[in-house]
Amino acid sequence: MIRRWANRFSLISLLAFVAPAYAEPIQPLTYDCLMQVSTKYGIHLDVLLAILLVEGGTVGKNNRGNTDGSYDIGPFQINTIHLPDLRHKGVTEVELRNNGCVNAEVAGW
């Protein structure tokens, strides 16, 4: 029994060191975010929803399926070729991936 607890403690200790290296808070894509983007850029909400449906991405995930070496980020699948322009606007790749509202804002822009 002591050995089982020692193994659990070891695993928990290991996670404490590993988790901070990649743990970023996930901010979901919400209806309010989509409405704000719709209003700000004059894009009908149905158009944003259609793009979201077709792109099929997920907050917190990338899609590395592009043959040119680029990849797509987050729910609206923003391609990495846009990262240099986005950096000038203060948007990081981490924000784009993990914040659904930021991803929607970039899609609207």
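A quick note: this is a predicted structure, and the numbers were derived from the prediction, not measured.

Would you mind going over the overall build of the protein with me for this structure?
Per the secondary structure count, the protein includes six helices and three strands. Starting at the N terminus and walking to the C terminus, you meet the elements of the protein as α-α-α-β-β-β-α-α-α. Across the 109 residues in the protein, those meeting the buried criterion constitute 29%. Contacts spanning at least 24 positions in sequence make up 47% of the contacts within the protein whose residues lie at least 6 apart. Accessible surface, the protein as shown: approximately 7500 Å² in total, 60% of it carbon and sulfur.

Any chance you could explain the pattern of salt bridges here in plain terms?
Close approach of charged atoms lets side chains of opposite charge pair. Throughout the structure, instances matching the rule amount to two salt bridges. For Arg-97, the salt bridge is made with Glu-93, and the minimal N-O distance between the two is 3.8 Å. Of the two residues, Arg-97 and Glu-93 both sit in helix 5 (residues 93-98), four residues apart, roughly one turn of that helix. The buried category is assigned to Arg-97, whose relative accessible area is 18%.

In this structure, what is going on with the packing of aromatic side chains? I would like to understand it.
Each pair of aromatic rings is reported with the distance of its centres and the angle of its planes. Evaluated as defined, the whole model comprises zero aromatic pairs. One Lys or Arg, Arg-64, reaches over the ring of Tyr-71 and ends 4.0 Å from the middle of that ring.

Hey, could you run me through the sheet that holds strand 2 (residues 72-73) in this one?
Hydrogen bonding along the main chain pairs the strands of a sheet, whether they run parallel or antiparallel. Spatially, the three strands line up as an open sheet ordered 1-2-3, and their pairing is antiparallel. Of all the strands in the sheet, the pair left with one neighbour each is strand 1 (62-63) and strand 3 (78-79).

What am I meant to see in the state of the cysteines here?
Covalent bonding between the sulfur atoms of two cysteines defines a disulfide. Under the definition given, this model contains one disulfide. Disulfide pairing is shown between Cys-33 and Cys-101; the S-S distance is 1.6 Å. Here Cys-33, found in helix 2 (residues 31-41), pairs with Cys-101, found in helix 6 (residues 100-108); they are 68 residues apart in sequence, far enough to count as distant. According to the relative accessible area criterion, Cys-33 is buried, its value standing at 8%.

Quick notes on the rules
- Residues numbered from 1 in each chain as written.
- Predicted model: local features only at pLDDT ≥ 70, side-chain atom pairs only at ≥ 80, totals over all residues.
- Heavy atoms only, no water.
- Helix = DSSP H or I, 4+ residues; strand = E, 2+ residues; numbered from the N terminus.
- Buried < 20%, exposed > 50% of the residue type's maximum accessible area, 1.4 Å probe, protein only.
- Contact = heavy atoms within 4.5 Å.
- Areas by Shrake-Rupley, 256 points an atom, 1.4 Å probe, with all protein chains shown as cover.
- Salt bridge = Lys/Arg side-chain N within 4 Å of Asp/Glu carboxyl O.
- Phe/Tyr/Trp six-rings, centres within 6.5 Å; stacked < 30°, edge-to-face > 60°.
- Lys NZ or Arg CZ within 6 Å of the ring centre and 35° of its normal.
- Pairing = 2+ DSSP bridges.
- Disulfide = S-S within 2.5 Å.

Just distances and angles here, no functional claims.
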